[in-house]
2 protein chains.
Amino acid sequence: MTSSHRATIGDVARRAGVSKATVSFAYSGKRPVSEGTRQRIFESAESLGWTASESARALASSRTATIGLVIARRPEIISADPFFPRFIAGCEAVLAEAGMGLLLSVVTTEEDETAAYTRYAAGRVDGVILLDIKHGDRRPALMRALGLPAVMLAPTRPEPLLEDDGMTLPAVIAENATAIHELVGLLVEAGHHRIAHVSGPPHYVHATERRAAFTAAMTEHELDPSLVIEGDFTAASGQARTAELLDQVPRPTAIVYANDVMAVAGLSLARSRGLRIPEDLSLTGFDDSDLSGHLSPGLTSVSTRPDEVGATVVRTLLEALGGASGPVVRVEGPTVVLRGSIGPPPPPV
Amino acid sequence: MTSSHRATIGDVARRAGVSKATVSFAYSGKRPVSEGTRQRIFESAESLGWTASESARALASSRTATIGLVIARRPEIISADPFFPRFIAGCEAVLAEAGMGLLLSVVTTEEDETAAYTRYAAGRVDGVILLDIKHGDRRPALMRALGLPAVMLAPTRPEPLLEDDGMTLPAVIAENATAIHELVGLLVEAGHHRIAHVSGPPHYVHATERRAAFTAAMTEHELDPSLVIEGDFTAASGQARTAELLDQVPRPTAIVYANDVMAVAGLSLARSRGLRIPEDLSLTGFDDSDLSGHLSPGLTSVSTRPDEVGATVVRTLLEALGGASGPVVRVEGPTVVLRGSIGPPPPPV
DNA sequence: CTGAAAGCGCTTACAG
DNA sequence: CTGAAAGCGCTTACAG
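Conventions used here
Residues numbered from 1 in each chain as written. Chains lettered and ligands numbered in written order. Predicted model: local features only at pLDDT ≥ 70, side-chain atom pairs only at ≥ 80, totals over all residues. Heavy atoms only, no water. Least-squares fit on C-alpha atoms with pLDDT ≥ 70 in both. Contact = heavy atoms within 4.5 Å. Near = heavy atom within 4 Å. Polar contact = N/O pair within 3.5 Å; in protein donor to acceptor, adjacent residues only side chain to side chain. Helix = DSSP H or I, 4+ residues; strand = E, 2+ residues; numbered from the N terminus. Expected span 1.5 Å × (residues − 1). Buried < 20%, exposed > 50% of the residue type's maximum accessible area, 1.4 Å probe, protein only. Axes fitted to C-alpha atoms, helices over the stretch in contact; angles between N-to-C directions. Parallel < 35°, antiparallel > 145°, perpendicular 65-115°, else oblique. Left-handed = near helix turned anticlockwise from the far one by under 90°. Pairing = 2+ DSSP bridges. Buried area = accessible area lost by both parts, 1.4 Å probe. Salt bridge = Lys/Arg side-chain N within 4 Å of Asp/Glu carboxyl O.

S.K.: Hey, could you run me through the relation of the copies chain B and chain A in this one?
M.R.: To go from the first copy of the chain to the second, apply a rotation about an axis and then a shift along the same axis. With an RMSD of 0.0 Å, chain B superimposes on chain A once it is rotated by 180° and translated 0.0 Å along the axis. In the structure described here, the two chain copies are related by an operation that fits a two-fold rotation axis. Measuring from the rotation axis to each C-alpha of chain B, the shortest distance belongs to Leu103 of chain B, at 2.2 Å. The fraction of interface residues of chain B whose copies in chain A are also interface residues reaches 100%, indicating that both copies meet through the same surface.

In structure tokens form, the structure reads like this:
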């Protein structure tokens, strides 16, 4: 209140009658400070409304207290995916506790993606989170070139991501295969034989993992595993691929979708063709969006706990920044959420 | 390549045979630099792989080149709202061009919200974007207390947001009323009389604006404007409120929802009760989510161009940071997207 | 058109 | 338990 400008550590030190170093140590705890001195410092800081300048701290300590996240998807697809907001909320919970922040970019081209990481590497973040890992993903190499610490989230440790020298990036593994196996098992148990899968885009590791799990599960049950058709996670593809499947003779009695949006679009299309859900057709989604639980009937889906995943990813990154070498953490698998969209198949004609 | 550590402006200056000042000016353009010198500087920088440290730049120039966005909603609701990802993408487009970044927080309590803004104010951002303005919103006062420049996005300039001294925050106005009027007009034209509205939570200015527009439009057409029922933007409320409306005798022949998710949940419920869309019931949403266009039938909705809104908001904030005083920018209103979910009402019984 | 130097507000060895 | 001082890597008056 004495000055119209923002207080600095010097103002606090002067008012408390100590050195700037002592003020700094009182807050960081990196050196013991006597109780009385601490009190005076905190009081001075409070009455001056002082908080340390993050810019100055960043320059002096070479730590930005910020991590970066670059999402490389079309905005429409992000908005259809309940994963991101929950994931980010999970990240934030851990970051806020550590007094850190999240720098976010949404990009659509590889060029913009590289530009974003490059800007991040210019002293903007301490490390980054790599999502949506692709087969042969170029980002691990880019991270190394930029000297940017990173942790990746992937359904399995993808072999092509091993770096040149054999070192691997820290990773959080969140597998999806088990849930797909469970879904197929439930449908088989209910009596289904012709089960189809609408997959995600094959360049994503998580999409091919779900697809491979579907094929494996069908094979295990000695059913035809070839009813797989490629979607791209959009509502448009859910609608179009479902139309193709429903045109087949005989048509599938159940469809396992790689995400909820495609499933909801498919469900709507099936209904518009006069099919009853689940009497004529069973459907399952993936991601457990808020909408799925409140459709009529509800959409059976898979909850992936994105908030826990986000929290774990950030914790892993912070450990890696702290010097822990290449930890690989596995988070608990997703769980199936059973709702009214599945039932026994219709009686054969 | 000569050193294993990151190059600094000093390294570049030495290699190019100039002073650090000249390197700085060659990049900022704030002082003329001869063409030959520029070339040598850029070459030196490139061969050293130098980019200016953002931390140092921030400290020296008192500009963080970062803006902040705090979203105070439950993650489930964010994920149901196609607005945010597109809005953020729109922000990014402008920010990236300016070499700036976006710091994002997702919070659920007022306490965490305040904490987030407080951290931002500690030299983390140059300014913030205020979304989801509420009646009597406390944030303008908070921004002033923290000395944090801000721009707000609101459907109208809300009077309670005038600051104490009569100064107002810069604002971007994106009104929704016109589109609601249009929707009601379309339904009336098709022959509907009993039209209901499922609103958003009344503390939001944008929710009450849509609601008020509905009431006004109904009154204009000399129809009963009282069929308004309060939702909260979640699928659950869309389902529950629709159930209540369908239980009324006589029941409404058309429902105008304040967002798409509620409309989709409502549509699904109506169908599960054996109602045909649009023969028995017409429905409209708001936001134009990717899903809406690919349901069968499609959901008539309102496109709000969130990307343009985001870009405009950022431009307005950057102008304000540049010294322009309290600009108020109006962005083009949203447009109705007509799809199969509306038609003539069923013949009276 | 260019340079030498102060300064941004912290952190952290060094010294006591 | 505490202080004086150097240093983080830039930007920007001041001077020529």
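Following the structure, the description resumes.
S.K.: Got a minute to help me understand the protein's contact with DNA strand C in this structure?
M.R.: In the vicinity of DNA strand C there are 27 residues, among which Ile9, Ser24 and Trp50 of chain A together with Arg31 and Thr37 of chain B approach most closely. When the atoms of DNA strand C within 4 Å of the protein are grouped by moiety, sugar and phosphate amount to 57% of the total. At 2.6 Å, a backbone N or O of Ile9 of chain A approaches a phosphate oxygen of DNA strand C. Here Ser19 of chain B contributes a backbone N or O atom positioned 3.0 Å from a phosphate oxygen of DNA strand C. Counting only elements with at least two residues in the surface near DNA strand C, the list comes to helix 2 (20-28) and helix 4 (54-61) of chain A together with helix 2 (20-28) and helix 4 (54-61) of chain B.

S.K.: For this particular structure, what's the right way to read the environment of Ser24 of chain B?
M.R.: Summarising the element assignment, Ser24 of chain B is placed in helix 2. Along the primary structure Ser24 of chain B and Glu110 of chain B are separated by 86 residues, whereas in three dimensions their C-alpha atoms are 42 Å apart.

S.K.: What exactly am I supposed to notice about the environment of Ala217 of chain B here?
M.R.: Checked against the element boundaries, Ala217 of chain B lands in helix 10 (residues 205-220). If we ignore the near neighbours within four places in the chain, the residues touching Ala217 of chain B are His181 and Val184 of chain B.

S.K.: Teacher, can you tell me more about the protein's contact with DNA strand D here?
M.R.: Among the 27 residues in the neighbourhood of DNA strand D, the closest are listed as Arg31 and Thr37 of chain A together with Ile9, Ser24 and Trp50 of chain B. Within 4 Å of the protein, atoms of DNA strand D come from sugar and phosphate in 56% of cases. Trp50 of chain B places a polar side-chain atom, nitrogen or oxygen, 2.8 Å from a phosphate oxygen of DNA strand D. In this structure, Arg57 of chain B approaches DNA strand D through a side-chain N or O atom, which is 3.2 Å from a phosphate oxygen. Those elements that place two or more of their residues in the surface near DNA strand D are helix 2 and helix 4 of chain A together with helix 2 and helix 4 of chain B.

S.K.: When you look at helix 10 of chain B in this model, what are you seeing that I'm missing?
M.R.: Helical geometry: 3.6 residues make up each α-helical turn, so side chains three or four residues apart lie on a common side. Residues and elements named next belong to chain B. Taking 1.5 Å of rise per residue, 16 residues should cover 22 Å, and helix 10 covers 22 Å from first to last C-alpha, within 8% of that figure. Residues of helix 10 that are buried include every one of Val205, His206, Ala207, Glu209, Arg210, Ala213, Phe214, Ala217 and Met218, and no others. Its buried side turned inward, helix 10 meets helix 9 (177-190), strand 6 (195-199), strand 7 (228-230) and strand 8 (254-257). After helix 10 finishes, the residue Glu222 shows a positive phi value of roughly 60°.

S.K.: Can you help me understand the packing of helix 6 (residues 83-97) of chain B against helix 13 (residues 306-321) of chain B in this one?
M.R.: The geometry of a pair of packed helices is captured by two quantities: the angle between their axes and the separation between those axes. Residue and element names in this part refer to chain B. Viewed as axis vectors pointing N to C, helix 6 and helix 13 meet at an angle of 45°, and their least axial separation amounts to 7 Å. As the angle between them shows, helix 6 and helix 13 are arranged oblique. Where helix 6 crosses over helix 13, the two elements pack in a sense that is right-handed. Along its contact with helix 6, which presents Phe83, Arg86, Phe87, Gly90, Cys91, Val94 and Leu95, the element helix 13 presents Pro306, Asp307, Val309, Gly310, Ala311, Val313, Val314, Arg315 and Leu318.

S.K.: When you look at the sheet that holds strand 7 of chain B in this model, what are you seeing that I'm missing?
M.R.: Residues and elements named next belong to chain B. Across the sheet, four strands lie side by side as 7-6-8-9; this open sheet has parallel pairing. If you trace the sheet from one side to the other, it starts and ends with strand 7 and strand 9 (282-284), each paired once. With direction set aside, neighbouring strand axes in the sheet form an average angle of 20°. The pairing of strand 6 with strand 7 spans three bridges and is parallel. When the bridges of strand 7 are listed, His197 appears paired with Val228. Packed onto the sheet, helix 10 meets strand 6, strand 7 and strand 8 and runs at close to 170° relative to strand 6.

S.K.: Got a minute to help me understand the side chain of Thr312 of chain B in this structure?
M.R.: All names here are of chain B. Assignment of secondary structure puts Thr312 in helix 13. On the basis of relative accessible area, Thr312 is assigned to the buried category, the value being 14%. At 2.8 Å, the side chain of Thr312 forms a polar contact with the backbone oxygen of Glu308. Look past the residues within four positions of Thr312 in its chain and what remains in contact with it is Val172, Val329 and Val331.

S.K.: Just checking my understanding: could you explain the side chain of Ser79 of chain A for this structure?
M.R.: Tracing the sequence through the fold places Ser79 of chain A in helix 5 (residues 75-80). The exposure class assigned to Ser79 of chain A is buried, which follows from its relative accessible area of 10%. Excluding its chain neighbours within four sequence positions, the residues that come into contact with Ser79 of chain A are Ser79, Pro82, Pro85 and Arg86 of chain B.

S.K.: What is the right way to look at the interface of chain B and chain A in this model?
M.R.: A common way to report how large an interface is uses the accessible area buried once the components associate. At the interface, 52 residues of chain B touch 52 residues of chain A. Carbon and sulfur atoms supply 57% of the area that chain B and chain A bury against each other, a total of about 4,400 Å² over both sides. At the surface where chain B touches chain A, the tally comes to zero salt bridges. Those elements that place two or more of their residues in the side of chain B that touches chain A are helix 4, helix 5 (75-79), helix 6, strand 2 (101-107), helix 7 (110-121), helix 11 (235-247) and helix 12 (260-272) of chain B.

S.K.: Explain the environment of Val309 of chain A to me, please; I cannot follow it from the model alone.
M.R.: All names here are of chain A. In this fold, Val309 is placed in helix 13 (residues 306-321). Spatially, the C-alpha atoms of Val309 and Val172 are 8.1 Å apart, while their sequence positions differ by 137 residues. Those residues within four positions of Val309 in sequence are excluded, and the remaining contacts are Phe87, Leu153, Thr304 and Val331.

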